[in-house]
Amino acid sequence: MNKKHVLHGALLALSLGAAVALQGCNGGSADNTASGSSAGVGSGGSGYSTGTVTGFGSVVVDGVHIDDRNATADSEVSGGTTEPADVKLGQRVEVETSQDGVAKAIHVMAEVIGLVQSVDSAGQKLVVAGQTVLINSDANKGPVTVYDGYSALADIQLSDAVEVHGIPVADTAGAVQIQASRIEKKTALSFVRVSSKVSSLSAGSKTFMLGSLI
């Protein structure tokens with residue numbers, strides 16, 4: 001399902017996933033509900049669903065317990081390449097289920113992987129690869145931001161490599177931002193992943209924008 005545009009050689013892989021409207025076959029919509037799940041994990045007993053990992057003892061995705069005893073888990077480690085992965089709290093995942101509702105595969109799918117361009121501790125947000133990332137400390141608004149490699153937003157430094165999981169939300173002007181459910185510090189980057197709403201599409205110059213990234 002994911003459509004990838006590789007820019008600047010192999011460094012920049014834009015995994016559009018839900019393409020223009022952030023509403024692909026499994027993705028959440030860009031609204032202010034902070035609800036990024038599809039219509040229930042394992043809806044109908046089989047298929048694909050997405051959500052945020054909110055617990056374990058099986059795996060809990062947006063409050064729904066899923067039998068994952070036989071499931072494999074993977075994540076993207078470079079453009080188009082996946083490797084086995086551990087499922088962690090706050091990650092966004094796509095769950096592939098069998099007809100009995102048991103998970104067959106769990107695909108870890110970050111919203112943004114890239115370098116930190118700015119940090120606004122007062123505003124509780126940062127910018128990563130041209131995408132505005134919001135910190136959430138209110139469980140009523142969705143999964144609270146989990147840090148890995150940091151203890152708080154103030155620990156994050158410019159040019160840090162990070163992996164961000166979260167829910168697309170729109171501000172009052174309609175700009176899409178990411179409400180982070182997990183921010184993980186990386187030691188290095190093998191590629192950059194960006195998932196966002198396409199804007200400023202130009203057929204003439206063959207360009208478009210994802211957040212402030214051209």
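Each chain has its residues counted from 1, following the order in which its sequence is written. Note on the predicted model: pLDDT of at least 70 is required for a residue's local features to be given, and 80 or more for side-chain atom pairs to be given and counted; whole-chain, interface and lining totals, by contrast, use all residues. Processing note: side-chain calculations cover all non-hydrogen atoms of the structure and skip hydrogens and water entirely.

Participant: Whenever I open this one, the overall build of the protein confuses me. Can you help?
Facilitator: A tally of regular secondary structure across the protein gives zero helices and 18 strands. Partly exposed describes any residue whose relative accessible area lies between the buried limit of under 20% and the exposed limit of over 50%, with all areas from a 1.4 Å probe on protein chains only and scaled to the type maximum. Taking all 214 residues of the protein together, the buried fraction comes to 44%. Pairs at least 24 apart in sequence give 58% of the contacts found in the protein among residues at least 6 apart. Methods summary: accessible areas were calculated by the Shrake-Rupley approach with a probe of 1.4 Å, and residue burial reflects only the protein chains presented. Approximately 10200 Å² of the protein is accessible, and the part contributed by carbon and sulfur atoms is 52%. The secondary structure listing takes helices from DSSP runs of H or I that are at least 4 residues long and strands from runs of E that are at least 2 residues long, numbered from the N terminus. In this analysis, two residues are considered to be in contact whenever any of their non-hydrogen atoms come within 4.5 Å of each other.

Participant: What's the story with the pattern of salt bridges in this structure? I'm lost.
Facilitator: Between side chains of opposite charge, a pair can form when the charged atoms approach closely. For salt bridges, the criterion is a side-chain nitrogen of Lys or Arg within 4 Å of an Asp or Glu carboxyl oxygen. Scanning the model with the defined rule gives seven salt bridges in all. The shortest N-O distance in the salt bridge between Lys186 and Glu163 comes to 3.4 Å. A residue pair is termed long-range when its members are at least 10 positions apart, and Lys186 in strand S15 (residues 176-186) and Glu163 in strand S14 (residues 161-170) qualify at 23 residues. For Lys186, a relative accessible area of 28% translates into the label partly exposed. For Glu163, a relative accessible area of 11% translates into the label buried. Members of the salt-bridge network, linked through shared partners, are Lys88, Asp148, Arg182 and Glu184.

Participant: What am I meant to see in the sheet that holds strand S6 (residues 72-78) here?
Facilitator: Whether parallel or antiparallel, the strands of a sheet pair through hydrogen bonds between backbone atoms. Read across the sheet, seven strands follow the order S5-S4-S3-S8-S9-S6-S7 without closing on themselves; strand pairing throughout is mixed. Of all strands in the sheet, those bounded by a partner on one side alone are strand S5 (64-66) and strand S7 (81-84). Taking each pair of neighbouring strands and ignoring which way they run, the sheet shows an average axis angle of 40 degrees. Between any two strands, pairing holds if DSSP finds at least two bridges. Two elements, S6 and S7, share four bridges in a ladder whose sense is antiparallel. The partner of Ser75 across the bridge, within S7, is Glu83. Helix axes are fitted to C-alpha atoms over the stretch in contact, other axes to C-alpha atoms as well, and angles between N-to-C directions run from 0 to 180 degrees.

Participant: Even after reading the chapter, I still don't get the nonpolar core, so can you show me in this structure?
Facilitator: Leu126, Val128, Val133, Ile156, Val162, Val164 and Ile183 are the most contacted members of the largest nonpolar core, which totals 20 residues. Of all the secondary-structure elements, those providing two or more residues to this core are strand S10 (112-120), strand S11 (125-128), strand S12 (131-135), S14, S15, strand S16 (192-194) and strand S18 (207-210). When residues in this core are grouped by element, the largest group, three residues, is from S15. Sequence-distant contacts of Leu126, defined by excluding residues within four places in its chain, comprise Val116, Ser118, Val119, Gln131, Thr132, Val133, Ile135, Leu153, Ile156 and Ile183. Think of a nonpolar core as a cluster: buried Ala, Val, Leu, Ile, Met, Phe, Trp, Tyr and Cys residues, connected wherever their side-chain atoms sit within 4.5 Å.

Participant: It is not clear to me how the side chain of His107 should be interpreted in this structure. Could you clarify?
Facilitator: As for its position among the elements, His107 is in strand S9 (residues 103-108). Given a relative accessible area of 18%, His107 falls into the buried group. One polar contact links His107 to Asp74, side chain to side chain, over a distance of 3.0 Å. Not counting residues within four places of it along the chain, the set of residues in contact with His107 comprises Asp74, Arg92, Val93, Glu94 and Glu96. Counting of polar contacts relies on pairs of N or O atoms within 3.5 Å, with two restrictions inside protein: one atom must be capable of donating a hydrogen and the other of accepting it, and residues adjacent in sequence are counted only when both atoms are side-chain atoms.

Participant: Honestly, the pairing of strand S8 (residues 92-97) in this entry has me stumped. Any pointers?
Facilitator: A regular strand carries its side chains on alternate faces of the sheet. Counting buried residues in S8 gives six out of six residues, a clear majority hidden from the surface. In S8, alternate side chains face the same way, and those of Arg92, Glu94 and Glu96 on one face and Val93, Val95 and Thr97 on the other are all buried. One ladder, built from five bridges, connects S8 with S9; its direction is antiparallel. Counted as the bridge partner of Thr97 is Ala103 from S9. Count of turn residues in the S8/S9 antiparallel hairpin: five residues, of which Gly101 carries a positive phi of about 85 degrees.

Participant: How do you make sense of the environment of Phe191 when you look at a structure like this?
Facilitator: Mapped onto the fold, Phe191 is located in the loop between S15 and S16. Phe191 sits 115 residues away from Glu76 along the chain, and the two C-alpha atoms are 9.6 Å apart.

Participant: So what exactly am I meant to see when it comes to the environment of Asp160 here?
Facilitator: You can see Asp160 is positioned in the loop between strand S13 (146-148) and S14. In sequence terms Asp160 and Ala188 are 28 residues apart; their C-alpha atoms lie 8.9 Å from each other. Leave out the neighbours within four places in its chain, and Asp160 touches Gly114, Leu115, Val116, Tyr150, Asp155 and Lys185. A polar atom in the side chain of Asp160 sits 3.0 Å from the backbone nitrogen of Gln157.

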